[in-house]
Amino acid sequence: MLEQGKISPVQMALLMIPAIIATVLLLVPSITAKHAHHDLWLSPIWACGTGFFVVFLSYKLNKLFPEKTIIEYSEHALGKILGKLVGGIFLFFYFHATGIMVREYGEFVSGAALFHTPMAVIIGTMVLVCSFAVLGGLEVMGRASEIIVPVVILLYILLFILLIKDLEVKNLFPIMEKGIRPSLMGSIVPQSWYSEFILVSFLLPYVTNQKKGFKWGLIAVFIVLFLMVLTNIMALLLFGNLTSSLTYPVMVAARYISIADFLEHLESIVMAIWIAGTFIKITVFYYVLALGTAQWLKLSDYRPIVLPIGFLILLQGLWAARDLQELSHFLATSGAIYILSIQVVLPFILLLCASIRKKLGQRKGNKQNETPVNH
Amino acid sequence: MKLRSIIENGLLRFFLICSVISLSGCWDRNEVNDLALITAAGFDMVSDEKIELSVLVFIPKGGGSSDQAMESGNGGASQTLVRSAEGKTVADAMAKLQEKLPRKIFWGHTDVFILDEELAKKGIAGHVDFIMRHPTLRERGQIFVSSQKAKKVLKLMPPLERDLSEVLKELSQHKLGLNITTKKLAQMLIGDSGDCALPWITILPPENKEKPKQTIAYITGTAIFKKDKMIGIIDDSVTRGVLWLRNEILLGVITIKPPKTDGYISVNVLQAQSKLVPKIQNGKWIITLKSVSASDIVQNTTKLDVSNPVVLKSLEPLLAKEIEKRIKKARNQVQEEMKADIFGFAEAFHRKYPDVWNKKKNRWNEIYPNVELKFDTKCHIRRQGLTS
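Residues numbered from 1 in each chain as written. Chains lettered and ligands numbered in written order. Predicted model: local features only at pLDDT ≥ 70, side-chain atom pairs only at ≥ 80, totals over all residues. Heavy atoms only, no water.

In the nomenclature of an unreviewed UniProt entry, chain B corresponds to Ger(X)C family spore germination protein from the organism Neobacillus rhizophilus. Under the Sequence similarities (unreviewed entry) heading, UniProt states for chain B: "Belongs to the GerABKC lipoprotein family." (UniProt positions renumbered as here; feature names shortened; annotations may be inferred.)

If you look chain A up in an unreviewed UniProt entry, it shows as Endospore germination permease from Neobacillus rhizophilus. Under the UniProt heading Subcellular location (unreviewed entry), the entry covering chain A gives this text: "Membrane".

Draft legend 1. View of the sheet that holds strand β12 (residues 284-300) of chain B. Residues and elements named next belong to chain B. Overall, mixed pairing links the 4 strands, which are arranged β10-β11-β12-β13 in an open sheet. Because the sheet does not close on itself, it has two edges, and the strands there are β10 (252-256) and β13 (372-383). Between one strand axis and the next, the sheet turns by 40 degrees as a mean value, whatever way the strands run. By the bridge criterion, 16 bridges tie strand β11 (residues 265-281) to β12 in an arrangement that is antiparallel. If you follow Gln273 over to β12, its bridge partner there is Val292. Taken strand by strand, helix α10 (residues 309-338) contacts β10, β11, β12 and β13, and its axis lies near 140 degrees from that of β13. (Pairing = 2+ DSSP bridges. Helix = DSSP H or I, 4+ residues; strand = E, 2+ residues; numbered from the N terminus. Axes fitted to C-alpha atoms, helices over the stretch in contact; angles between N-to-C directions. Contact = heavy atoms within 4.5 Å.)

Draft legend 2. Representation of the confidence of the model for chain B in the model. Residues and elements named next belong to chain B. Model confidence for chain B is summarised by a mean pLDDT of 80, while 93% of its residues fall at 70 or above. pLDDT under 50 marks residues 63-76. Its contacts with residues more than four places away, or in other chains, come to 6 contacts. Predicted as a complex, the structure gets a pTM of 0.80 and an ipTM equal to 0.73. (pLDDT = per-residue confidence, 0-100.)

Draft legend 3. Main features of the pairing of strand β9 (residues 229-235) of chain B. All names here are of chain B. Across 6 bridges, strand β8 (residues 217-226) lies against β9 in antiparallel orientation. Bridge assignment links Ala223 to a residue of β9, and that residue is Ile233. Hairpin remark: β8 followed by β9, antiparallel, with 2 residues in the connecting loop; positive phi at Lys227, about 50 degrees.

Draft legend 4. Quick look at the packing of aromatic side chains. All names here are of chain A. Counted by the stated rule, this structure contains 24 aromatic pairs over all chains. Both rings, one in Phe108 and one in Tyr248, keep their centres 4.9 Å apart while their planes meet at 80 degrees; by these two values the pair is edge-to-face. In this pair, Phe108 is assigned in helix α4 (residues 80-112) and Tyr248 in the loop between α9 (210-239) and α10 (249-256), connecting sequence segments 140 residues apart. Each member of the pair, Phe108 as well as Tyr248, carries the same accessibility label: buried. (Phe/Tyr/Trp six-rings, centres within 6.5 Å; stacked < 30°, edge-to-face > 60°. Buried < 20%, exposed > 50% of the residue type's maximum accessible area, 1.4 Å probe, protein only.)

So this is what it looks like as structure tokens:
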């Protein structure tokens, strides 16, 4: 195996939570509000099914091929050529997704704080830091997330508590004014975020206890659901109709906090949450990309290719979109279908093929009284 | 092997030293002494095409010694500076203003925006857009409409507070008039009716005629907007009624005259909450204002014995009537004369009757003036003060 380290199920959950939530916090409220209007807080609830389904998929696949990641077992499930092709699609997808992610990070930092700093510097510094974490390996990342994630979640909930006096519950009504349709439409985009839980299938082989890993995967989906609903409710109760016209509602919400005239200008907390969370998120994707590429090319170690991949991610980040509008338009329209088809449909096909193969293999094995085929 | 590690070590150190050069600063470093901290901004209409942006810049003063110097210098040394520039839009004017300021304009501390009457009459939506869109402007900034030119208001030197922005901020926190932040204004503008209201300020005539600038501007009423254009003003006593309808009442003294005696009883409203309950009955649109308030007696010039619970109870309906009178006055002026929905009636109906609303929303302008207002006022006098 390329990765020698092991992580605990809790560490896996702590890696997965920011891997989903980090970018949700800023972009998703306004994207869902465009379709769901008043019902934007319902959308994550409809969408969470995708999260559970994907975690279930990765657990099932992991049971069929223990100690192997999706890149490795796609060859076993689909055959050499098709398997390599599917692995390639996954890798290309994660390459693209990581690029988009670092660009989202860069857009936010340059749009809200560092107006004059070139994008390449903002993205480059982040990718460099992430590459150190990736070089450190999975154990290092797991431990880093144990320190960072609880702080991030606590700070985030603190923001919500400080805003309570400005929230207006009446903004919640009327619930489902135009039926269930708008909130379902709004749930398509959050679904593409939930589908990122397929990353679990890359981490599960290195978790000490797979069964507990599955359980903690589901808990992670619950926590993500909770934080998404909290974010959307906060945005809705504070801004009402205005939510869809704000680019970063959470950022503006933090800026709106004013307690007793001196607890003000808290947007830096949002910055801290965002940067810490995105660090974990990019690291996880980056790691999966590096490890997957090494496995795909059958290298003996993934570390030598980490820095070159980092450079490619930097370029991908710069080329991913021309501007923020293009980026969030992509995520809100064709991007959702693209992300869902690769992270949900493709693993599902893999699972189907793998189970059929196994059944056929067993039948054959029984007939010939041999031990089951060892892939 | 040893040589290699020495080279590696040396290279690492070299890079670490080199990084110092880039770490010492970046593209976006902002030193406090290079920033012009803007505490208030005023927008004036100069001509049909041009607006004038005036900003109140805070001048940071050094330590104790200069404070003493200021006190000795007959208190006239100002801590603020007003600069202005003209332009087609606010952003355009800001660019021209920057030419006149040696320091970089910094909007992060702007708490007060003043619009002049002419500008308000022409429409404010475009200017609100700038305030909401600019990345460093905060959404909690308060907006006022002024009867005089905003530039003139900003130039005042308040005797008690640091500068005018502090005065207006504190005044609006009393909630005797409306307290409208940029966020609330933007919400009203995209709301169901699109009508809005802003606090109206005028300059308080100075006590000392020789120092005409040593005074403040204060909230004297409310400017009423139809969509984003100002159509009228209501005075401060009518504004109280508006506050009851908007559930923004915080404190206030209500004076009632009990029948069959001479004199007045004044009560201090300590807690008040109100709620709009809409109802559509036989095609008639009705709003019921449910309000609950608790108050203390602060003055009694009558011969009534207010320590007697029966007397106290008999005062409560009188108080309710007085409150309703205020609200009715506000409603008459705003709803019937100006036909502007600043109370949020449209939202109330939208929430309760979404289907009917979606069918009738295009006709809201015709429906609104005929919406009937009913009252359900509960007043409770809790205490009679410290004497009996």
